[in-house]
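# Summary of structural features
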Amino acid sequence: MDVASEPAALRQAAPEHPGNEHRTGLRVGAEIDLAALRDNVRALRGRAAGAELMAVVKADAYGHGMLPCARAARRAGAAWLGTATPEEALALRVAGDRGRVLCWLWTPGGPWREAIEADVDVSASARWALEEITAAARACGRTARVHLKVDTGLGRNGCQPADWADLVAAARAAEAEGTVRVVGLWSHFACADEPGHPSIAAQLDAFREALAVAERAGLAPEVRHMANSPATLTLPESHFDLVRTGVSVYGLSPSPEVGVPADFGLRPVMTLRARLAVVKRVPAGHGVSYGHHYTTPGETTLALVPAGYADGVPRHASGTGPVLVAGKWRTVAGRVAMDQFVVDLGGDAAEAGDEAVLFGPGDAGEPTVEDWARATGTIGYEIVTRIGARVPRTHLNADT
Ligand SMILES: *Cc1c(COP(=O)(O)O)cnc(C)c1O
């Protein structure tokens, strides 16, 4: 099913309830504004004008739905798409994407041959990976497009600088043999979301040093790349030939230190809405939800929001998560359960079927993803990426 062609179910008006235009049969749904996504890609391209842009669409496009988001990013000029796993990259090819795609998270025995045959760029951080790549390329008679990754200080994936000259020499030998073409040299920041952190300059120096080693050995890559969203937004000298933007494509800020999305002309792409399942009067002193961590301070109206941790609402939002109901921000009353949570409306009126907005761009008064991140002690990345498979995504404005 083409998700992008689905009707905007949450937006269908119900005339019998004027003022509640999102009323439908849907319990909870995520609206994905692809016009906002395209505008974000254009804004990011403007910031990194000397470089190409990779839209990172791993993890189902940070929970936004990979294929419609990938198409929208391409339409807005993303020359590259990036994924973590080869399976994600191959899914883009099956869906018909023909542009440059890089995937970087490989384990021994991975689908190297499938990736090479699908013209997917692969990454190598170690000799074992290069050996598996050359074997797969030989087996299918193709030349693999490889990006060599150096660990400039993140301490995660990537080749240690001490082993870099050896990896480079092996790659050069594979180029001579015709099995490999080194098209990229790359690295990843540890603390780019904390502008001014001393590791940033140190990693840039280490990257330049690694580039010099590779170039002296005869490698001539198409692209050198290091910048994620925060570096793209705050550090022009990190842009090189290509920037790898993820969270900013979805209109979110990498961190409070970097700023709010609007500072960069970015607009949040996802809005998460639910419809109240129950609204009822209860007396003072009524315990609410598992463990009775909330007790009604007086006679009041409780509303049941039918979304829980199975839908991606963090259980850590118990007693803290913000939600717009009946025109005001409410706070999750008591615990978030697997499928539902409760808010106390005080003296305000509502009825079953009314809308609850957990987060969105914020311009209709609703909380934002950043508000949820703050309320639950995490980052916006996690709030959107963890939205569950049970939540239907409706893609709006799929085309211009
Ligand atoms: C996820 C990821 C990115 C994108 O990071 P954002 O901060 O979301 O822009 C870039 N590069 C690599 C290697 C990644 O894993």
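Criteria and cut-off values
Residues numbered from 1 in each chain as written. Predicted model: local features only at pLDDT ≥ 70, side-chain atom pairs only at ≥ 80, totals over all residues. Heavy atoms only, no water. UniProt positions renumbered as here; feature names shortened; annotations may be inferred. Helix = DSSP H or I, 4+ residues; strand = E, 2+ residues; numbered from the N terminus. Buried < 20%, exposed > 50% of the residue type's maximum accessible area, 1.4 Å probe, protein only. Near = heavy atom within 4 Å. Polar contact = N/O pair within 3.5 Å; in protein donor to acceptor, adjacent residues only side chain to side chain. Areas by Shrake-Rupley, 256 points an atom, 1.4 Å probe, with all protein chains shown as cover. Pairing = 2+ DSSP bridges. Right-handed = clockwise from strand over helix to strand, strands pointing away. Axes fitted to C-alpha atoms, helices over the stretch in contact; angles between N-to-C directions. Contact = heavy atoms within 4.5 Å. Salt bridge = Lys/Arg side-chain N within 4 Å of Asp/Glu carboxyl O.

## Comments concerning the UniProt feature "binding site: substrate" (unreviewed entry) in the chain
In this numbering, the UniProt entry assigns the feature "binding site: substrate" (unreviewed entry) to Arg 156 and Met 338. Over a stretch of 183 residues, the named residues are scattered through the fold, their C-alpha atoms separated by up to 33.1 Å. Among the structural elements, Arg 156 can be located in the loop between β6 (144-149) and α7 (161-177). Under the relative-accessibility criterion, Arg 156 is labelled exposed at 60%. Given a relative accessible area of 42%, Met 338 falls into the partly exposed group.

## Let's talk about the site of the ligand
Neighbouring the ligand are 14 residues, the closest being Lys 58, Tyr 62, Ser 229, Gly 246 and Tyr 381. A distance of 2.7 Å is found between an oxygen atom of the ligand and a side-chain nitrogen or oxygen belonging to Lys 58. In the model, an oxygen atom of the ligand is placed 2.8 Å from a nitrogen or oxygen of the Val 247 main chain. Starting from 390 Å² of accessible surface for the ligand in isolation, the protein chains cover 94%. Looking at the shell around the ligand, the elements with two or more residues in it are α2 (58-63), α9 (229-234) and β9 (242-245).

## Brief notes about the pairing of strand β7 (residues 180-186)
Counting buried positions along β7 gives six out of seven residues, so the element sits mostly inside the fold. As paired strands, β6 and β7 are joined by six bridges and run parallel to one another. Each residue of the ladder has a partner; that of Leu 148, found in β7, is Leu 185. Crossover connection from β6 via α7 to parallel β7: handedness right-handed. Pairing analysis gives three bridges linking β7 to strand β8 (residues 223-227), with the strands arranged parallel. Counted as the bridge partner of Gly 184 is Val 223 from β8.

## Examining the sheet that holds β7
The strand order β4-β3-β2-β9-β8-β7-β6-β5 describes an open sheet built from eight strands, whose pairing is parallel. Both edges of this open sheet fall to β4 (100-103) and β5 (122-124), since each of them pairs with a single strand only. Each adjacent strand pair in this sheet contributes to an overall mean axis angle of 30 degrees, direction not counted. Pairing analysis gives two bridges linking β8 to β9, with the strands arranged parallel. Paired with His 225 across the two strands is Leu 242, which belongs to β9. Sheet contacts for α7: β5, β6 and β7; angle to β7, the most-contacted strand, approximately 150 degrees.

## Regarding the environment of Arg 335
Residue position: Arg 335 is located in the loop between β16 (328-333) and β17 (341-346). Once the C-alpha coordinates of Arg 335 and Tyr 294 are considered, the two residues, 41 residues apart in sequence, prove to be 8.1 Å apart. With sequence-adjacent residues up to four places away left out, Arg 335 is seen in contact with Ser 289, Tyr 290, Gly 291, His 293, Arg 315, Ser 318 and Phe 341. A polar side-chain atom of Arg 335 sits 3.0 Å from a polar atom in the side chain of His 293.

## Here's the deal with the pattern of salt bridges
Taken as a whole and assessed by the stated rule, the structure comprises 25 salt bridges. Arg 386 is the salt-bridge partner of Glu 382, the closest N and O atoms lying 3.5 Å from each other. For Glu 382, a relative accessible area of 36% gives the class partly exposed. Residue classification places Arg 386 among the partly exposed positions, given a relative accessible area of 33%.

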